[in-house]
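Residue-level structural notes
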Amino acid sequence: MIHTPRFRFLFFFLASFLSPFFLSAQIEDAPAIFRELRVLDGIWFMPTDRGDRLEIWRIADDSTYLGRGLRIKPENGDTVTLETLRLELRGDSITYYAIARGQNRNKPVPFRLTTADYEGYLFENPQHDDPKKIRYRLLGNREMQVTTEGYRNGRTVSDEYVFEREFTPGAAEFRLRIGINASSLIGTGQFPADISGA
């Protein structure tokens, strides 16, 4: 095997240059897959000790879905936008854009859909450090698992979030407006005094 510096440079150059083409070539029938992703439409929530985390998706048109990641603070009910999300179908590719608050100079980071199978929908951006991969997986009609994998502080890390579908949009809107989250309800068993009149 050839181990010259010139060969290694050529190998890494070609691998870096060609990897986006190989990644985008793995999905077939992007319009049909994009239609499958319509199931994201709605409100998804996950209670945590730092407040409820929500992911809200809506269909903008036949080629664009818009989303937001939010957190409701348990201490005061303030709603904090964590990220702005966008899914776009352009030709034969599907791209997931994320704008994370305070990161990447508040510019969108693109992740291309590379795999759509029984394990879910995998979006990748090998040039981004954290995350490099984002996977959405539906666990029936009621739950959605989102996993991220990236490179942080010199090591590979992954995070997992399991959201439940909010079937009553009115309840989610109520929760967002007054800042009630599952963590505070579980802790006290009561609504805030100014809401219930207690």
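Scoring rules and cut-offs
- Residues numbered from 1 in each chain as written.
- Predicted model: local features only at pLDDT ≥ 70, side-chain atom pairs only at ≥ 80, totals over all residues.
- Heavy atoms only, no water.
- Core = buried A, V, L, I, M, F, W, Y, C linked by side-chain atoms within 4.5 Å.
- Buried < 20%, exposed > 50% of the residue type's maximum accessible area, 1.4 Å probe, protein only.
- Contact = heavy atoms within 4.5 Å.
- Pairing = 2+ DSSP bridges.
- Helix = DSSP H or I, 4+ residues; strand = E, 2+ residues; numbered from the N terminus.
- Axes fitted to C-alpha atoms, helices over the stretch in contact; angles between N-to-C directions.
- pLDDT = per-residue confidence, 0-100.
- Patch = residues over 30% accessible without salt bridge, like charges linked within 9 Å, V, L, I, M, F, W, Y side chains within 5 Å.
- Areas by Shrake-Rupley, 256 points an atom, 1.4 Å probe, with all protein chains shown as cover.
- Salt bridge = Lys/Arg side-chain N within 4 Å of Asp/Glu carboxyl O.
- Lys, Arg positive; Asp, Glu negative; His and termini not counted.
- Charge placed at Lys NZ, Arg CZ, Asp CG, Glu CD.

Among the nonpolar cores identified, the biggest contains 27 residues, and Leu 37, Trp 57, Leu 87, Ile 94, Tyr 96, Phe 123 and Tyr 136 are the most heavily contacted of them. Apart from residues no more than four positions distant in its own chain, Leu 37 is found in contact with Tyr 65, Leu 87, Ile 94, Tyr 121 and Phe 123. Counting six residues, the second largest nonpolar core, distinct from the first, contains Phe 45, Leu 54, Leu 70 and Ile 72.

A separate point is the sheet that holds strand S2 (residues 53-61). Strands belonging to one sheet form pairs held by backbone hydrogen bonds; the direction of such a pair is parallel or antiparallel. Reading around the barrel, the 10 strands line up as S1-S2-S3-S4-S5-S6-S7-S8-S9-S10 and close back on themselves, with antiparallel pairing between neighbours. Pairwise comparison of adjacent strand axes, ignoring direction, gives a mean angle of 25 degrees for this sheet. Summarising the sheet, strand S6 (residues 109-117) and strand S7 (residues 120-124) pair through five bridges and their orientation is antiparallel. Within the sheet, the bridge partner assigned to Leu 113 lies in S7 and is Phe 123.

Take the environment of Arg 53 next. Along the chain, the position of Arg 53 falls in strand S2. C-alpha of Arg 53 to C-alpha of Leu 70: the two residues are 17 residues apart in sequence and 5.7 Å apart in space.

In this section: the environment of Gly 120. Along the polypeptide, Gly 120 turns up in strand S7. In the structure, Gly 120 is positioned 19 residues away from Leu 139 in sequence and 9.4 Å away in space, judged by C-alpha atoms. The residues touching Gly 120, leaving out its near neighbours within four places in the chain, are Thr 115, Arg 135, Tyr 136 and Arg 137.

Averaged over all residues, the pLDDT of the protein chain equals 80, while 71% of them reach at least 70. Throughout residues 7-26 the model reports pLDDT below 50, and contacts reaching past four residues in sequence, or to other chains, amount to nine contacts. With pLDDT under 50 throughout, residues 182-198 is counted as low confidence; its partners more than four residues away or in other chains account for 16 contacts.

On to a negative patch on the surface. On the surface, Glu 28, Asp 29, Glu 36 and Asp 92 cluster together into a negatively charged patch. Considering the arrangement of structural elements, one finds Asp 29 in the loop between helix H1 (5-24) and helix H2 (30-36).

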